[in-house]
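Each chain, letter by letter, is given below.
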Amino acid sequence: MKAQWFNRVDQIGEANWQAAIGETRYPFAQYAFHLALEQSRSIGEGTGWYPEYLLITDADELGEDRPLAIAPTYLKIHSQGEFVFDWSWADAYQRYGMEYYPKRIWAIPFSPVTGLRIFSHLDPKGDDADFANMYPALAKLMTDANQERHFSSWHLLFTKPEHADLFRHDKTLLQRISCQFHWFNRDYRDMDDYFSHFSSRKRKAARKERDKVVKQGVTLTRTLGNELTAAEIDFFYLCYQSTYAKRGQQGYLTREFFGLLAETMGDQILLVQAYRAGEAIAASWCFFDDHSLYGRYWGCMEEVDCLHFEACYYQGIEFCLEKGLQHFDPGTQGEHKIARGFEPVFSYSVHYIAHSGFREAIGNFCEEEAEAVREYHQDTHALLPFKQESH
C-alpha cells in the first residue's frame with residue numbers, strides 16, 4: 001500500500017475518491033460532502049481548518065495505482081468545531097511557553113458522529129486484515145509527519161470502538177472516552193408501539209410533550225433535501241445561525257454549504273420544519289444512510305415549549321421507523337435525550353502527544369476522566385424510560 005497527501009478533494013478527483021470508498025452510503029464519506037465544505041469556504045483559508053486528505057492506493061495487476069481508501073485529516077490552528085475538548089491541554093502548553101497549535105485532527109469537520117475514519121471499499125465488518133491494519137499504519141504515518149513538522153499532536157476523533165481498540169497496545173497513544181446518547185430501533189412498528197415499551201409514567205410524559213406542541217398551534221413537516229426550495233434553506237440557515245448567536249458566536253458553516261449539499265446529496269438529507277399560523281418558526285437538519293439517521297443542526301426563531309424535543313428527537317424517531325433505519329445519532333451531549341429513549345453509549349478518541357512530559361500528564365487526566373465517564377454512563381441507565389422487561 002502507498003499513501004499520498006492532498007490538500008484539496010479535486011486533486012484526488014471524484015472518480016478516484018468514489019472508487020476508494022466503494023458503495024458506502026455513509027454521508028460523511030462522500031466526495032460531495034467534503035467538496036461542499038471546501039467550495040463553500042467552510043474550511044480552508046481563514047477558517048483554521050486546512051485539509052490534508054490521505055489517499056491510500058495499492059497496485060493492480062498491471063502495476064498501476066488503484067484507489068483503496070481515504071482518510072480525512074486537517075491541520076488546525078484552534079480547537080473549534082471538534083467536540084472532543086482539549087482547550088485545557090492547549091492552555092497548559094501556553095503556560096509553559098510551548099506551542100500546541102498547529103495540530104492534526106483525523107475526523108469529520110463539525111460532526112461529532114461516531115463512524116469510520118478510513119473510508120474504503122474494503123469490508124470493515126469482515127475479516128479483511130488490510131482494512132484493520134490501515135488504522136495503525138496510518139497512525140504511524142501521521143506520527144512521522146508530525147515529527148517532521150514539529151506539530152504537538154494528532155487526534156483521531158469519534159472513531160468506532162473496535163478501531164480504537166486497535167491502538168490499545170501502543171503506549172505512545174492515549175485513549176479518551178465520552179458519553180453520548182443514541183436511539184436504537186428494536187423492531188418497533190410505529191410510535192405507538194415504541195411508546196408501549198415505556199413505563200406508564202414515562203409514556204404519559206412523552207405523549208404529553210408531543211400533545212403540548214400541537215396544542216400550541218405548531219405543525220411539523222419532513223422534507224428531503226432534493227425537494228427543498230432556496231427559501232426553505234435560507235430559513236433553516238437563519239435558524240442555524242440563531243443557535244450560535246444566542247451564545248454570542250457565529251456558526252461555522254456557510255449558507256452555500258447547505259445549498260450545495262441539497263443539490264448533490266439531497267437524497268440523504270432530511271429537514272424537519274415547524275410552522276405556526278403559516279409561518280416557519282424552527283428547523284432541524286439531519287443526514288441519513290441505509291442504516292442510521294444523524295441529527296446535526298437545529299435552530300428556532302420562536303421559543304415554543306417542547307418544540308426542541310419534537311423537532312430534533314420524536315420526528316427523527318418517526319422517520320427512522322417509517323424508513324426502517326436502525327439507529328439515530330442525534331448529536332453530542334444532552335441528558336434530556338434519555339427520557340425520550342436515547343441510550344448511553346461510549347464514544348472514543350485516540351491521541352498522540354509528542355512531548356513525553358505532557359503525554360504522561362494528559363494520559364493521567366484521560367484515565368481519571370474515563371473513570372468518571374464510566375460511572376456516569378452506568379448511572380444514566382437508571383433514567384431510561386423503558387419498562388424493565390422491555391429492555
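Please read these numbers as outputs of a predicted model, since none were measured by experiment. (Residues numbered from 1 in each chain as written. Predicted model: local features only at pLDDT ≥ 70, side-chain atom pairs only at ≥ 80, totals over all residues. Heavy atoms only, no water.)

1. Notes on the overall build of the protein chain
Along its length, the protein chain carries twelve helices and 15 strands. In terms of C-alpha radius of gyration, the protein chain reaches 22 Å, essentially the compact-globule figure of 21 Å for 391 residues. The dimensions of the protein chain, computed from C-alpha atoms along their principal axes, are 60 × 45 × 45 Å. The buried share among the 391 residues of the protein chain stands at 55%. (Helix = DSSP H or I, 4+ residues; strand = E, 2+ residues; numbered from the N terminus. Rg over C-alpha atoms; globule rule 2.2 N^0.38 Å. Buried < 20%, exposed > 50% of the residue type's maximum accessible area, 1.4 Å probe, protein only.)

2. Brief notes about the domain arrangement of the protein chain
We note that the domain assignment places domain 1 (2-178 + 345-381) and domain 2 (186-325) within the protein chain. On a C-alpha basis, the centroid separation for the pair domain 1 and domain 2 is 29 Å. Taken together, the contact pairs 19 residues of domain 1 with 18 residues of domain 2. With both chains or domains summed, domain 1 and domain 2 bury close to 1700 Å², and 64% of this area falls on carbon and sulfur atoms. For the domain 1 face of the interface with domain 2, the top three residues by lost area are R25, P27 and F110, together amounting to 33%. On inspection of domain 1 and its partner domain 2, the count reaches three salt bridges. Residue D267 pairs with R25 through a salt bridge whose shortest N-O separation is 3.5 Å. Summed over the shared surface of domain 1 and domain 2, the number is six residue pairs in polar contact (both at pLDDT 80 or more). (Domains from an automatic or database assignment. Contact = heavy atoms within 4.5 Å. Buried area = accessible area lost by both parts, 1.4 Å probe. Salt bridge = Lys/Arg side-chain N within 4 Å of Asp/Glu carboxyl O. Polar contact = N/O pair within 3.5 Å; in protein donor to acceptor, adjacent residues only side chain to side chain.)

3. Describing the sheet that holds strand 3 (residues 53-59)
If you walk across this open sheet you meet the four strands as 1-3-4-7, and the pairing is antiparallel. Sheet topology places strand 1 (2-6) and strand 7 (119-120) at the edges, where each strand pairs with a single neighbour. Packing against the sheet, helix 2 (residues 14-21) makes contact with strand 3, strand 4 (65-71) and strand 7, and its axis sits at approximately 75° to strand 4. (Pairing = 2+ DSSP bridges. Axes fitted to C-alpha atoms, helices over the stretch in contact; angles between N-to-C directions.)

4. Description of the side chain of T243
Counting through the fold element by element, T243 comes out in helix 9 (residues 230-245). A distance of 2.5 Å separates a polar atom in the side chain of T243 from the backbone oxygen of W298. If sequence neighbours within four positions are ignored, T243 has contacts with W298 and G299.

5. Digging into a negative patch on the surface
Together, E367, E368, E371, E375 and D379 make up a negatively charged patch on the protein surface. Tracing the sequence through the fold places E367 in helix 12 (residues 356-380). (Patch = residues over 30% accessible without salt bridge, like charges linked within 9 Å, V, L, I, M, F, W, Y side chains within 5 Å. Areas by Shrake-Rupley, 256 points an atom, 1.4 Å probe, with all protein chains shown as cover. Lys, Arg positive; Asp, Glu negative; His and termini not counted. Charge placed at Lys NZ, Arg CZ, Asp CG, Glu CD.)

6. Considering unusual backbone geometry
In this chain, Y101 is followed by P102 through a cis amide linkage whose omega measures 5°. Looking at the secondary structure, you find P102 in the loop between helix 4 (87-95) and strand 6 (103-106). You will see that F110, though not glycine, has its phi angle at about 60°, which is positive. As for its position among the elements, F110 is in the loop between strand 6 and strand 7. The class of F110 is buried, set by a relative accessible area of 4%. If you check the backbone angles, C306 has positive phi at about 75° while not being a glycine.

7. Examining the sheet that holds strand 12 (residues 279-288)
On the basis of which strands lie adjacent, the open sheet formed by eleven strands has the order 2-5-6-8-15-9-14-13-12-11-10 and mixed pairing. Either end of the sheet is taken by a strand with one partner, and the two such strands are strand 2 (49-51) and strand 10 (218-224). Each strand of the sheet is rotated relative to its neighbour by a mean of 30°, with strand direction disregarded. As judged from the five bridges shared by strand 8 (residues 153-159) and strand 15 (residues 343-353), these two strands associate in the antiparallel manner. In the sheet register, S153 faces strand 15, and the bridge partner there is I353. In this fold helix 12 packs onto strand 9 (173-184) and strand 15, with an angle of close to 25° to the strand it touches most, strand 9.

8. Remarks on the packing of aromatic side chains
If you walk through the whole model with that rule in mind, you get 50 aromatic pairs. Arranged with centres 5.3 Å apart and planes meeting at 65°, the rings of Y240 and F258 form a pair that is edge-to-face. Separated by 18 residues along the polypeptide, Y240 in helix 9 and F258 in helix 10 (residues 255-264) bring together distant segments of the chain. A single burial state applies to Y240 and to F258, both of which are buried. Aromatic side chains Y240 and Y297 sit 5.6 Å apart centroid to centroid with 80° between the ring planes, which places their arrangement in the edge-to-face category. Placement of the pair is Y240 in helix 9 and Y297 in strand 13 (residues 292-300), with a sequence separation of 57 residues. The ring of W49 carries the charged tip of K76 above its face, separated from the ring centre by 3.9 Å. (Phe/Tyr/Trp six-rings, centres within 6.5 Å; stacked < 30°, edge-to-face > 60°. Lys NZ or Arg CZ within 6 Å of the ring centre and 35° of its normal.)

9. Concerning the nonpolar core
Of all hydrophobic cores here, the largest spans 52 residues; its most connected members are F33, F257, F258, L261, W285, F287 and Y297. The greatest single-element share of this core, amounting to seven residues, is contributed by helix 9. When near neighbours in sequence (up to four residues on either side) are disregarded, W285 contacts L228, F236, F258, L261, I269, L270, L271, Y294, G295, R296 and Y297. Core analysis: the second largest hydrophobic core is formed by 42 residues, I177, F195, V272 and C320 among them. (Core = buried A, V, L, I, M, F, W, Y, C linked by side-chain atoms within 4.5 Å.)

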